[in-house]
Amino acid sequence: MIQSMDREKLLNITKCFHHEGTINEIRPFGSGLINDTYLVTTIDSFTPDYVLQRINHQVFRNIDLLQHNIDIVTNHIRQKLIEAKAPDLERKVLQFMSVDNGKSYYHDDNDQYWRMSLLIPHSYTYNEVTPASSYEAGVAFGQFENMLSDVPERLGETIPNFHNMELRIAQLSEAVKLDAAKRVNEVGEELDFIMAYAEDMCLAENLFREGKLPKRLCHCDTKVNNILFDGGGHFLCVIDLDTVMPSFIFSDYGDFLRTAANTVAEDSSEFDNIHFRTDIFEAFTKGYLYSVKSFITELEVELLSYAIALFPMMQCVRFLTDYLSGDVYYKTQYPSQNLVRARNQLKFFNRIKEQEGYIREYIALWS
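A few points on the structure. (Residues numbered from 1 in each chain as written. Predicted model: local features only at pLDDT ≥ 70, side-chain atom pairs only at ≥ 80, totals over all residues. Heavy atoms only, no water.)

1. Focus on the overall build of the protein
Now for step 1: Within the protein, the secondary structure is distributed over 12 helices and nine strands.
Now for step 2: Here the protein has a C-alpha radius of gyration of 21 Å; the compact-globule value for 367 residues is 21 Å, and the two agree.
Now for step 3: In terms of principal-axis extent, the alpha carbons of the protein reach across some 60 × 45 × 40 Å.
Now for step 4: Split into buried and exposed, the 367 residues of the protein put 52% on the buried side.
Now for step 5: By sequence separation, contacts in the protein at least 24 residues apart represent 73% of the contacts at least 6 residues apart. (Helix = DSSP H or I, 4+ residues; strand = E, 2+ residues; numbered from the N terminus. Rg over C-alpha atoms; globule rule 2.2 N^0.38 Å. Buried < 20%, exposed > 50% of the residue type's maximum accessible area, 1.4 Å probe, protein only. Contact = heavy atoms within 4.5 Å.)

2. Some details on helix H8 (residues 278-292)
Now for step 1: When the terminal C-alpha atoms of H8 are compared, their 21 Å separation across 15 residues agrees well with the 21 Å that a helix rising 1.5 Å per residue should span.
Now for step 2: For H8, every residue scored as buried is listed here: Ile280, Phe281, Ala283, Phe284, Thr285, Gly287, Tyr288, Leu289, Ser291 and Val292. (Expected span 1.5 Å × (residues − 1).)

3. Here's the deal with the state of the cysteines
Now for step 1: Tallied over the entire structure, the rule returns zero disulfides.
Now for step 2: Between cysteine 220, a cysteine without a disulfide, and cysteine 218, which holds the nearest cysteine sulfur, the sulfur-to-sulfur distance is 5.3 Å. (Disulfide = S-S within 2.5 Å.)

4. Let's talk about the pairing of strand E2 (residues 36-42)
Now for step 1: Within E2, six of the seven residues are buried, which leaves the element mostly enclosed by the surrounding structure.
Now for step 2: One ladder, built from five bridges, connects strand E1 (residues 23-28) with E2; its direction is antiparallel. Residue pairing for E2: arginine 27 is matched across the bridge by leucine 39.
Now for step 3: Judged from the five bridges that link them, E2 and strand E3 (residues 50-55) form a sheet pairing that is antiparallel. Looking at E3, one finds that threonine 37 is bridged to glutamine 53. (Pairing = 2+ DSSP bridges.)

5. Brief notes about helix H10 (residues 304-325)
Now for step 1: Relative to the 32 Å expected for 22 residues at 1.5 Å per residue, H10 spans 32 Å between its end C-alpha atoms, a close match to the ideal helical length.
Now for step 2: At leucine 310, H10 shows its maximal bend, which comes to roughly 25 degrees, and the proline proline 312 appears one to four places after that position.
Now for step 3: Most of H10 is tucked away, with 21 of its 22 residues classed as buried.
Now for step 4: Where H10 ends, the next residue or the one after it, glycine 326, has phi of about 95 degrees, a positive value. (Bend = angle between axes of the 7 residues up to and from the residue.)

6. Re the pattern of salt bridges
Opposite charge on two side chains makes pairing possible when the charged atoms of those side chains draw close.
Now for step 1: Across all of its chains, the model carries 18 salt bridges by this definition.
Now for step 2: We note a salt bridge from glutamate 166 to arginine 209, for which the minimum N-O separation is 2.6 Å. Taken together, the positions of glutamate 166 in helix H4 (residues 165-178) and arginine 209 in helix H6 (residues 203-209) put the pair 43 residues apart, joining distant regions of the chain.
Now for step 3: With relative accessibility at 27%, the residue glutamate 166 sits in the partly exposed group.
Now for step 4: Residue glutamate 266 is joined to arginine 258 by a salt bridge in which the shortest nitrogen-to-oxygen separation is 2.9 Å.
Now for step 5: Residue glutamate 266 is classed as partly exposed on the basis of its relative accessible area of 30%.
Now for step 6: According to the relative accessible area criterion, arginine 258 is buried, its value standing at 8%.
Now for step 7: Residues joined by salt bridges that share partners form a network here, namely Asp255, Arg258 and Glu266. (Salt bridge = Lys/Arg side-chain N within 4 Å of Asp/Glu carboxyl O.)

7. Re unusual backbone geometry
Now for step 1: Backbone geometry at asparagine 161 places phi at a positive 60 degrees, although glycine is not the residue there.
Now for step 2: Here asparagine 161 shows up in the loop between helix H3 (131-147) and H4.
Now for step 3: For asparagine 161, a relative accessible area of 35% gives the class partly exposed.
Now for step 4: Even without glycine at this site, aspartate 240 takes up a positive phi of about 55 degrees.
Now for step 5: Relative to the elements of secondary structure, aspartate 240 occurs in the loop between strand E8 (235-238) and strand E9 (245-247).

8. A few points about the packing of aromatic side chains
How two aromatic rings sit relative to each other is given by the distance of their centres and the angle of their planes.
Now for step 1: Going through the model one piece at a time under the given rule, you end up with 19 aromatic pairs.
Now for step 2: Seen in terms of ring centroids, phenylalanine 281 and tyrosine 358 are 5.6 Å apart; in terms of plane orientation they differ by 70 degrees. Their pairing is edge-to-face. Here phenylalanine 281 is found in helix H8, whereas its partner tyrosine 358 is found in helix H12 (residues 356-366), with 77 residues between them in sequence.
Now for step 3: Ring pairing ties together the aromatic residues Phe276, Phe281, Phe348, Tyr358, Tyr362 and Trp366, which thus form one cluster.
Now for step 4: Looking at lysine 215, its charged tip hangs above the ring of phenylalanine 208, at a distance of 4.9 Å from the centre. (Phe/Tyr/Trp six-rings, centres within 6.5 Å; stacked < 30°, edge-to-face > 60°. Lys NZ or Arg CZ within 6 Å of the ring centre and 35° of its normal.)

9. What to know about the sheet that holds E2
Now for step 1: Spatially, E1-E2-E3-E5-E4 is the arrangement adopted by the five strands of the open sheet, whose pairing is antiparallel. What marks the edges here is a single partner per strand, and that holds for E1 and strand E4 (106-107).
Now for step 2: Both E4 and strand E5 (residues 113-118) contribute to a ladder of two bridges, which runs antiparallel. What sits directly across from histidine 107, in E5, is tyrosine 113.
Now for step 3: Contacts from helix H2 (residues 63-83) reach E3 and E5, with the element oriented near 15 degrees to E5. (Axes fitted to C-alpha atoms, helices over the stretch in contact; angles between N-to-C directions.)

No statement about biological role is implied by the geometric values presented.
Quick look at the structure:
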């Protein structure tokens, strides 16, 4: 429950945004880990409800750039939907309220940043990953990229170098050199394995420098719970747009399968139970390729199998870097948890490599 003083503060924040109706109730909403989110309901049935968020500016350092990106993206998608005469338009794209200066965020006297959007009615999020929800996710994220493929303005990076494998390898090398937690001697086998694949895993950055691989506007946090569904299980729209920025399409395709297609959670030590879920891979790939076929290049299609292996390896590198640095980034419940996480991702990487031929054939079948 929100204390009365907190409620009064939140109520004053909502008054800074242009909205309809009289506020009835404000309560915590959702299960997000980054921003603080609240459901704002109004008294009258004919006025909309809202979602209020305090933006975590320790994670997102440039709030003006962040919200500018989101404004560009949502306005562009809205215009695309209008041109296509899409039915039920208001449930298919987020809409943010403005404040008096025209911005879509409010900066309060306590150096906190806030935004407020319309609540999309009769919409649902799923945490469970199934073939059905994975297919819808593939369509949703592919369509999202498709609609943004002709945005005339270049967006900034809300988290610079977020999926830059060269940077992650360099960070690992520096962590090995410093050996701050005196753990390097424990992970020689893992380090040898990673470095054997390091050059291959940095392929995207090399191709980009050569002008062969484009960067596109991507969501960069493609989880099934970042989609709103209707009551029938069909997607309405993509949400949680903080990480929308220029990236390789691998950021959306590979990152979804890293979490969704693993048979265990990323911090599980049950390594023998780690397998690559082909049902999830097939469903997501089919939906994704259906939605991106109008703009995806032959090279991008060819490298989708690389993307599936890339993201477990990248996450392994990040976990191992943190382990060697003394667990300064990821929260841990016990001393070796980051090492367990790293070994989990390496095992998953190996499972994917075992299926590489089949993966390539299935992608070719639907491209």
